[in-house]
Amino acid sequence: MNAPLLHTPLYDLHVELGAKMVPFAGYAMPVQYPLGILKEHQHTRDKAGLFDVSHMGQVKLVGAGAAAALETLVPVDIQDLPVGMQRYALFTDDKGGILDDLMVSNFGDDVLYVVVNAACKEQDVAHLKTHLGGQCEVVELVDRALLALQGPAAAAVLARLAPSVAELKFMQNAQLELDGVPCYVSRSGYTGEDGYEISVPADKAEQLARRLLAEPEVEAIGLGARDSLRLEAGLCLYGHDIDTSTTPIEGSLLWAISKVRRPDGARAGGYPGADVVARQIADGVAKKRVGFIVRDKVPVREGAEITDGDGTVIGRVTSGGFGPSFGGPVGMGYVPASHAAAGTALFALVRGKPVAIEVAKTPFVPQRYYRG
């Protein structure tokens, strides 16, 4: 717990830009810049924001058996993932709980590229090596940084460095040069906006970041706005909205279980907890993750208890805060399935007082991924 905080390759640049640095997943990370969280959030929605996400883990799985091997750990179709595409995936445990969520890309030539969450990367890499080590090579890419360029102007900005990026569609990836630097680029991100995630050699990260920040549409954006952006987009934050105490079905993530891996699919099951998940698909679950809006305009934070109209505690908030683009407080949490329908009136306890909330469909603002 007392280990010194790690620095990403962009640490000095963050300090130079006046960032407020905070501990996050063992790293010193920028929570905001002088612009402030509210303006950083809106700038990303309106133009383009540059995020440092180099604290996340990057891994390559190499070998002819890599796709089939990875399918033994995730309820996702990896074997039929086309070259140049990526897919959202979940590591599950024997009880169907979620160990982490991750992104998997098919680079071709029997190479899969995987991005995992910062707080989980040590255990994830160990998980991969333990279970897949005999079937493919597991290589942690410790010499790379990761940037995210997000917002409606992201494509125009990045196309100035590499025109071909404009041709990519949502969840497609390519290996190309940006400012003379070989990078892995995917048209994806975690803000609900169009944008790109860029894996760059660590020793070239600052060069590329400065080149992007020199563009008039681009501002540096911190973790504070990243959190409000992903919350408005209805996207889960691991360790908060999903964890080992929640299954994909309880987490409202059935869409992330590929049809071919579901109980009636051609490659059904075969991953940890598959029997639990199959049973929940068939019979339903007792609790569900839902989105909610706050009727009383009082921000409701993570950890707040949720009650029914009689004051009985029935659930809790897992993410919550003000949605700048939505124009009011929003959140997510777990409630009994009987109370999960959109429009259900509930209450959240804020400093002991009930605050009116209403179950609502997510995303709270329209997602604007580029699908061509």
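One can find the structure itself at the top, above this paragraph.
Rules used in this analysis
Here the residue numbering is sequential within each chain, running from 1 through the sequence in written order. Local features in a predicted model are, by the rule used here, given only for residues with pLDDT of at least 70; side-chain atom pairs are given and counted only at 80 or more, and totals for whole chains, interfaces and linings are based on all residues. Side-chain numbers come from the whole structure's heavy atoms, not from hydrogens or water. Only DSSP runs of H or I covering at least 4 residues are called helices, and only runs of E covering at least 2 are called strands; the numbering of each starts at the N terminus. The contact definition used throughout considers only heavy atoms, calling two residues in contact when any of these lie within 4.5 Å. Using a grid of 1 Å spacing that covers the protein atoms alone, one calls a set of points a cavity when a 1.4 Å probe fits there but cannot get out, and a pocket when the set is open and has protein on both sides within 12 Å along at least five of seven lines; lining residues are those with an atom within 4 Å of a point. Grid points are joined across faces, edges and corners, and a volume is the space filled by probe spheres set on the points. Think of it this way: a Phe, Tyr or Trp ring, Trp meaning its six-membered ring, pairs with another when their centres are within 6.5 Å, and the plane angle makes it stacked under 30 degrees, edge-to-face over 60, tilted otherwise. With a 1.4 Å probe rolled over the protein chains alone, any residue whose accessible area is under 20% of its type maximum counts as buried; one over 50% counts as exposed, and the rest are partly exposed. Here, a charge over a ring is recorded when the distance from Lys NZ or Arg CZ to the ring centre is within 6 Å and its angle to the ring normal is within 35 degrees. Basically, the charged four are Asp, Glu, Lys and Arg, the nonpolar ten are Ala, Val, Leu, Ile, Met, Phe, Trp, Tyr, Cys and Pro, and anything else, Gly included, counts as polar. By definition, two strands form a pair when at least two bridges between them are found by DSSP. Axes here refer to lines fitted to C-alpha atoms; in helices the fit is confined to the stretch in contact. Angles between the N-to-C directions go from 0 to 180 degrees.

Thoughts on the environment of Val-359
So, point 1. When you line up the elements, Val-359 lands in strand E19 (residues 353-360).
So, point 2. Val-359 sits 66 residues away from Ile-293 along the chain, and the two C-alpha atoms are 6.6 Å apart.
So, point 3. Every residue in contact with Val-359, bar those within four places of it in the chain, is listed here: Val-290, Gly-291, Phe-292, His-339, Ala-340, Ala-341, Ala-342, Gly-343, Thr-344 and Leu-346.

Observations concerning the layout of surface pockets
So, point 1. Taken as a whole, the second largest pocket encloses approximately 430 Å³ of empty space.
So, point 2. If you trace the second largest pocket, you find 23 residues lining it, with Leu-6, Tyr-27, Ser-54, Lys-121 and Glu-140 closest to the centre.

Looking at the packing of aromatic side chains
So, point 1. The tally for this structure, following the rule as stated, stands at six aromatic pairs.
So, point 2. Taking the centre distance of 5.1 Å and the plane angle of 15° together, the rings of Phe-107 and Tyr-113 count as stacked.
So, point 3. With centroids separated by 4.1 Å and ring planes inclined at 10°, the aromatic side chains of Phe-170 and Tyr-369 adopt a geometry described as stacked. Here Phe-170, found in the loop between helix H5 (154-159) and strand E10 (173-178), pairs with Tyr-369, found in the segment after E19; they are 199 residues apart in sequence, far enough to count as distant. For the pair Phe-170 and Tyr-369, one class covers both residues: buried.
So, point 4. Through a chain of ring-to-ring contacts, the aromatic side chains of Phe-107, Tyr-113 and Tyr-184 assemble into a single cluster.
So, point 5. Across from the ring centre of Phe-51, 5.9 Å away, lies the NZ or CZ of Arg-226, which sits over that ring.
So, point 6. Here the guanidinium or amino end of Lys-287 rests over the ring plane of Tyr-334, the centre of that ring lying 5.2 Å away.

Examining empty space enclosed by the protein
So, point 1. Enumeration over the complete set of coordinates arrives at two cavities of 30 Å³ or more.
So, point 2. Taken together, Leu-10, Leu-13, His-14, Leu-17, Tyr-33, Leu-50, Phe-51, Asp-52, Ala-209, Leu-213 and Ala-220 form the lining of the largest cavity.
So, point 3. Contributions of two or more residues to the lining of the largest cavity are made by helix H1 (11-16), strand E3 (48-52) and helix H6 (205-213).
So, point 4. A per-element tally of the lining of the largest cavity places E3 first, with three residues.
So, point 5. Here the lining of the largest cavity is composed, by residue class, of nine nonpolar, one polar and one charged.
So, point 6. When its volume is computed, the second largest cavity comes out at roughly 40 Å³.
So, point 7. As for the second largest cavity, its lining consists of Met-29, Pro-30, Tyr-33, Phe-51, Asp-52, Ile-221, Gly-222, Leu-223 and Arg-226.
So, point 8. At the level of secondary structure, the elements contributing two or more residues to the lining of the second largest cavity comprise strand E2 (27-32), E3 and helix H7 (223-232).
So, point 9. Looking at side-chain class alone, the lining of the second largest cavity contains six nonpolar, one polar and two charged residues.

As for the sheet that holds strand E17 (residues 328-336)
Paired through backbone hydrogen bonds, the strands of a sheet run either parallel or antiparallel to each other.
So, point 1. Strand order around the closed barrel formed by six strands is E14-E17-E16-E15-E18-E19, with antiparallel pairing between neighbours. On average, each strand axis in the sheet is inclined to that of its neighbour by 45°, with strand direction left out of account.
So, point 2. Summarising the sheet, strand E16 (residues 313-323) and E17 pair through seven bridges and their orientation is antiparallel. By the bridge assignment, Gly-323 is partnered in E17 with Gly-328.

Some thoughts on the pairing of E10
So, point 1. When E10 meets strand E11 (residues 181-186), the two strands line up antiparallel, connected through six bridges. In the strand pairing of E11, Ala-174 is matched with Val-185.
So, point 2. Here E10 folds back onto E11, and the loop between the two strands holds two residues, one of which, Asp-179, carries a positive phi near 55°.

A look at the pairing of strand E14 (residues 287-294)
So, point 1. Burial of E14 is extensive: six of the eight residues sit out of reach of the surface.
So, point 2. Across seven bridges, E14 lies against E17 in antiparallel orientation. If you follow Val-290 over to E17, its bridge partner there is Gly-333.
So, point 3. With four bridges joining them, E14 and E19 adopt antiparallel strand pairing. If you follow Gly-291 over to E19, its bridge partner there is Ala-360.

Regarding the sheet that holds strand E8 (residues 137-140)
So, point 1. With antiparallel pairing, the five strands of this open sheet are ordered in space as E5-E6-E7-E4-E8. Each of the sheet's edge strands pairs with one partner strand only, and the pair in question is strand E5 (86-92) and E8. Each adjacent strand pair in this sheet contributes to an overall mean axis angle of 30°, direction not counted.
So, point 2. Note that strand E4 (residues 57-62) and E8 share four bridges and pair antiparallel. Directly across from Leu-61, in E8, lies its bridge partner Val-138.
So, point 3. Each of E4, E5, strand E6 (98-108), strand E7 (111-116) and E8 touches helix H4 (residues 121-132); the most contacted strand, E4, lies at about 10° to it.

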